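Fold and geometry: a report
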Amino acid sequence: MTTNAAPACFHCGLAVPQNFDATVLIDETEQPVCCPGCKAVAELIRDAGMSQYYNLRDTPSPGSNRPRLDVSRQDWLPFDRGDMLERFATVDNNTADALVYVEGMFCSACAWLIESNLQRLPGVISVEVSPITSRLRLRWSTTDIAFSTLLQRLVDLGYKPQPNANDTIDRPELTERRNALKRLIIASLGMMQVMMFAIALYAGDYQGISPVMQKFFRLISFVVATPVVLYAGRPFFTAAWRGLRLRQPGMDVPVALAIGAAYCASVWSTLSDGATVWFDSVTMFVFFLTVGRFLEMSARHRAAERGVALSQLVPATAMRLVNGAATQVPVSALQLEDQLLVRAGEHIPADGLIISGRAELDEAMLTGESTAHDRQTGDAVIAGSTVLAGTLTMQIEKLGANTALAAICRSMELARCSRPRLVRLADRVASHIVVALLLIAAVVALTWSFIDPGRAFVVTLSVLVVTCPCALALATPAAIAAASSRLSELGLLVTNGNAVETLARATHIIFDKTGTLTAGQPQVSRVIIHEWQNEFDELACRRIAGSLESASAHPLARAFASDNLVKVDELHVYAGAGIGGIIDGMQWRIGKLDFVCELSGSALSEANIQQLTLSQISLGNESGVVATFELQDEIRQGAEKQLAQLRALGIKLGLASGDAQRAVQRVAEDVGIDDYHWEMSADDKLAYLHDMQNKGAIVVMVGDGINDAPVLAGADTSVAIGKGALLAHSSAESILLGETLEPIVAAMQTAHQALRIIRQNLTWAVLYNLTALPLAALGHVPPWAAAAGMSASSLVVVLNALRLKRFRPLQ
C-alpha cells in the first residue's frame, strides 16, 4: 500500500495539511495553499497584477514566505509615535526616510515584488530594495501614510520587517561570511583530497594501474567531489539559473556550465569505465573561484566595518540626573533637555552641551584623530565620544537619528545599497561577453566534432573554463570596495561608490568659506549699534541675536551661543539668507543685510557699508537695521599647505561664499585661492557650479551648513564637513572627519590610485582572455590548467585591488 505525499504550498513551500483544502487561482491554474494566510497573500499578489513574482522567484525554503498571522497593524502602531519615528527614521518637512531589514527576502524577485507593491501605495515617494543586504529604503509622506501601514504591508506580503535604528543595525554580512567560509572549507578540503587521488590516477596512466584500483580511486573521487560541487558550488548554479531566467546572463553561466558538464561527464565516465575523469579540475575550479569571491566579499565587508563600529559607540544605558539624583535608564528613554552624568571610561550617549565639569574626550572613531580633546563647560559634545578622564554633566540637544553619529552611520548604510556607475557598466559588459563566449564555445565544439570527436568535449570544457569573465566582473567592484575602506581609514567616509570614480576624474574643487576653509568657531569681534535708534544696547542686541540664531545649524550661529535667551515665536530659517521670528510682538530678522532690510525697506548708507571689513551679520526689525555684528574666524589648521598639495595634483580651486567681499578676499589670499566669489546665495552658488560644469569641468564641492545642501547635491561629487548641518550630510557623497582638510588630499590620491588599479585589472582581464582563448580553442590547454589559469586570473585581480588597503598617500 502506498501513500501519496502531501502537496507543497504554492506560496511558502510547506506541506499542505490533510484537513485543509484551499486553493488560489494563479495564471488560470488552481494552486494549493497550506493556510488562510498564504491564501490571502497569494490573492493579494495576484490581485495587484504581480503574479509574475512566482515565475521569477527562486524556489523558497519551506516556510520562508509564510505570513505571520500573529502580527497585526496594532503591533506596528508604536512606530507611528514621534519618539519612535525619530529613532527609526529621518523626518524632514513631513517626509520620512527609513531603512528596514526585511527577513525572508532572498532573491531579486522578492525585491521586485516589494518595490512594485509598496510603490503603489498613496504617499510612498520612493522604494529602493537591495536583495544582497536584505535591506529596504523607504521614503514616504507622513501626512499621507503611516509607517505602521508600510510595515504591515510587508507582513501581508509574507516578510518580516525590522526597522533599523542607528544604534542597532543588523549585520547580514556576518551570515554571508559564515556561509562563504563553510563553502570555502568544504571546497579546500575536497580539492586537496581529490588532488591526492588524481596523482595516483595520473601515475597509473604512466606506470600502469589495475582496473580495480582505478575504479576505486575514481569512485572515492566522485564521493569527495560531490559535496564540493553541490554545496560549495551551489551559488554558481543558483546565480546562473537566475540570470538565464531573467535573460541577463552573467559570468556564472559559463562557470556553472563548465562545473556541471565536467562533473556529469566524470560521473558518467566513472560508472561506465570511460577513459578520463575530471574531478580534480572540477574541485580546483570551485575552490579557486570560491577563494576569489571570498576575498572580494571581505573587501566589501571591510568598507562597512567602520559604519558598524561607529553604530556601536552609543551605549545602551545612560545616567540621567533628576533633581540631582543619578538614575540609570535605557538610552531609548532619554528625551531632549535631559541632563546626564558621564564618567571616565563611558561613552557620550547623545549630542549635547556640557553644563558643568571638564573632561578629556576621545573622538578618534568620529574624527580619525587620536589626540584627546579637552572639553569644558559650554562646549558641545557628540554621541559616541569616549570620556578618557574627568566627569561631566551634559544637557541633551539631539537624540537618535538627529545626532551627528547617526547621520554618518545612516549615510554609510545607504551607500551599501548603491551600485557605482563603473560597476553597473562592468556588469553590462560582462553580460555581453558571456553571450559571445557561449557562442564561441558552441563553434569550438562543432568544429572539433569534425576534427576529432573524441576531444570535442575536453576542448570545449577548457574553452568554457579558461575564458570565464570572472576577472573582468571582479576588476571594478573589488577596487571600489577596497578604496572606500581605505578612505574611511584616512578620514573620509564615502557614502556613494560613485564618489571614488568622480574624485579621480575631478578637475575643480569649490570650497565654502565659513566652517570649511575656516575653523567654524567664529567670534563676535565688534558690535555696531546704528545711530538712528537708542532703544537697544549691545547686550540686548546680543540676546535677541542669540535667540534667533538658536534655530540655526550654520557655523556662524555658534558666535551667538548664549544661555540668556528670550522667547521667539514663529521662528523660521531662510536658507542662504538668515532667520526670522517674532519677539514681544515685533518682527525681527538676522542675516544678510538685504534680507534684514526687506522688513523696513531701509538700507545702510554706502559709508557705513565700507566700514565693515570682516564677515557681517545684520540684525533688524520692522523699523530698520538695528545692529551689525562683525565676526572673525580663524583659518582651518593646515589649510594653506593642503590646498597647495591639491594644486600640485593639477586641481583648480575656487571659493564660493555668502559673506562680504573683504572677508572672502582675506581668506582667499591667506590660502592662495585666486578664483573667489562673495555674497552668493544658494541659487548663486548652484548657478556658478552649473556654469563650470557646462564648460566641461568635473566639480567637487566641499561645504558646511544648510545653505550648501543644494550645491552639494548638484556637484559631480561632494564632501560635507563632519560637524556640519545634517542636511548637508544627506546631500553629500562623502563626509570629512577631523579638523583638517588633509583627508581630501589623501582621497584625491587614493581615488587616482583606485582608477589606475581598475585600469590594470581590466587590461589584465582582457589580455588574459585574448591569450588564453586561442590556446584553449586549439586544444593546447587541458581542463585542469584552464581551471588554474582562470582562477589565478581572478585572484590576481582581487589581490591587486586589495593593494589599496595599504596605499599611503604622499604628504
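Residues numbered from 1 in each chain as written. Predicted model: local features only at pLDDT ≥ 70, side-chain atom pairs only at ≥ 80, totals over all residues. Heavy atoms only, no water.

**Digging into the overall build of the chain**
From N to C terminus, the chain includes 28 helices and 27 strands. Taking all 811 residues of the chain together, 52% fall into the buried category. Across the chain, every contact between residues at least 6 apart in sequence was considered, and the portion connecting residues at least 24 apart equals 68%. Within the structure as shown, the chain displays about 35800 Å² of accessible surface, and the carbon and sulfur contribution to it stands at 55%. (Helix = DSSP H or I, 4+ residues; strand = E, 2+ residues; numbered from the N terminus. Buried < 20%, exposed > 50% of the residue type's maximum accessible area, 1.4 Å probe, protein only. Contact = heavy atoms within 4.5 Å. Areas by Shrake-Rupley, 256 points an atom, 1.4 Å probe, with all protein chains shown as cover.)

**Some words on empty space enclosed by the protein**
Under the definition given, this model contains three cavities of 30 Å³ or more. For the second largest cavity, the calculated volume is near 50 Å³. Elements that contribute at least two residues to the lining of the second largest cavity include exactly α10 (252-271), α11 (279-311), α15 (453-466) and α28 (783-802). The class makeup of the residues in the lining of the second largest cavity is nine nonpolar, one polar and no charged. (1 Å grid on protein atoms, 1.4 Å probe; cavity = no way out; pocket = protein on both sides within 12 Å on 5 of 7 lines; lining within 4 Å. Points joined across faces, edges and corners; volume = space filled by probe spheres on them. Nonpolar A, V, L, I, M, F, W, Y, C, P; charged D, E, K, R; others polar.)

**Here's the deal with the pattern of salt bridges**
Counted by the stated rule, this structure contains 12 salt bridges. Linking D338 and R320 is a salt bridge whose minimum nitrogen-to-oxygen distance equals 3.2 Å. Of this pair, D338 sits in the loop between β9 (325-330) and β10 (339-342) while R320 is found in strand β8 (residues 317-322), placing the two residues 18 residues apart along the sequence. Of the residues examined, D338 reaches a relative accessible area of 14% and is grouped as buried. The shortest N-O distance in the salt bridge between E630 and R526 comes to 3.0 Å. (Salt bridge = Lys/Arg side-chain N within 4 Å of Asp/Glu carboxyl O.)

**Brief notes about the packing of aromatic side chains**
Counted by the stated rule, this structure contains 12 aromatic pairs. When the ring of Y676 is compared with that of W678, the centres are 6.1 Å apart and the planes differ by 40°; the resulting orientation is tilted. Ring pairing ties together the aromatic residues F197, F216 and F217, which thus form one cluster. The ring of Y231 carries R183 above its face, with NZ or CZ at 5.5 Å from the centroid. Its guanidinium or amino end placed over the ring of Y574, R589 lies 5.4 Å from that ring's centre, counting from NZ or CZ. (Phe/Tyr/Trp six-rings, centres within 6.5 Å; stacked < 30°, edge-to-face > 60°. Lys NZ or Arg CZ within 6 Å of the ring centre and 35° of its normal.)

**Looking at the nonpolar core**
V255, I259 and F285 are the most contacted members of the largest nonpolar core, which has 55 residues in total. Broken down by secondary-structure element, the contributors of at least two residues to this core are α7 (172-207), α8 (211-232), α10, α11, α14 (421-451), α15, α27 (742-777) and α28. At 10 residues, the largest contribution of residues to this core is made by α11. Each residue touching V255, except ones within four places of it in the same chain, is listed here: F236, F285, L289, C468 and C470. Counting residues in hydrophobic clusters, the runner-up holds 44 residues, among them A506, L643, L646 and V745. (Core = buried A, V, L, I, M, F, W, Y, C linked by side-chain atoms within 4.5 Å.)

**Some thoughts on the packing of α8 against α10**
Between α8 and α10, the shortest axis-to-axis distance is 10 Å and the interhelical angle comes to 150°. Between α8 and α10, the interaxial angle falls into the category roughly antiparallel. Relative to α10, the crossing made by α8 is left-handed. Seen from α8, the contacting residues are K215, R218, L219, F222, T226 and V229; seen from α10, they are I259, Y263, V267, S269, T270 and L271. Considering only residue class, the contact of α8 with α10 consists of seven nonpolar, three polar and two charged. (Axes fitted to C-alpha atoms, helices over the stretch in contact; angles between N-to-C directions. Parallel < 35°, antiparallel > 145°, perpendicular 65-115°, else oblique. Left-handed = near helix turned anticlockwise from the far one by under 90°.)

**Here we look at the packing of α15 against α27**
Where α15 meets α27, the axes come as close as 9 Å, and the angle between the chain directions of the two elements is 175°. Here α15 lies roughly antiparallel to α27, going by the angle between them. On α27, the residues touching V459, S462, V463 and V466 of α15 are Y768, N769, A772, L773, A776 and A777.

**Describing unusual backbone geometry**
Even without being a glycine, N94 presents a positive backbone phi close to 65°. For N94, the position within the fold is in the loop between β3 (89-92) and β4 (95-103). Phi at D584 takes a positive value of approximately 55°, unusual for a residue other than glycine. Counting through the fold element by element, D584 comes out in the loop between β19 (578-583) and β20 (586-591).

**Some points on the sheet that holds strand β25 (residues 699-703)**
Spatially, the seven strands line up as an open sheet ordered β15-β27-β26-β25-β16-β23-β24, and their pairing is mixed. A strand with exactly one partner marks an edge of an open sheet, and here the two such strands are β15 (492-494) and β24 (675-677). Taken pair by pair, the neighbouring strands of this sheet meet at an average axis angle of 20°, ignoring direction. For strand β23 (residues 652-656) and β24, the ladder comprises three bridges, and the chain directions are parallel. By the bridge assignment, A656 is partnered in β24 with H677. (Pairing = 2+ DSSP bridges.)

**So, the confidence of the model for the chain**
Residues of the chain with pLDDT of at least 70 account for 80%, and the chain-wide mean is 78. Averaged pLDDT values for the elements of the chain fall to 42 in helix α21 (residues 606-611) and rise to 91 in strand β16 (residues 508-511). Every residue in residues 166-170 scores below 50 in pLDDT, and together they form 17 contacts with partners more than four places removed in sequence or on other chains. Here residues 605-614 scores under 50 on pLDDT; set against residues more than four positions off or in separate chains, the count is 19 contacts. (pLDDT = per-residue confidence, 0-100.)

**Quick notes on a nonpolar patch on the surface**
Together, L181, I185, L189 and M192 make up an exposed nonpolar region whose accessible area comes to about 350 Å². Mapping L181 onto the fold places it in helix α7. (Patch = residues over 30% accessible without salt bridge, like charges linked within 9 Å, V, L, I, M, F, W, Y side chains within 5 Å.)

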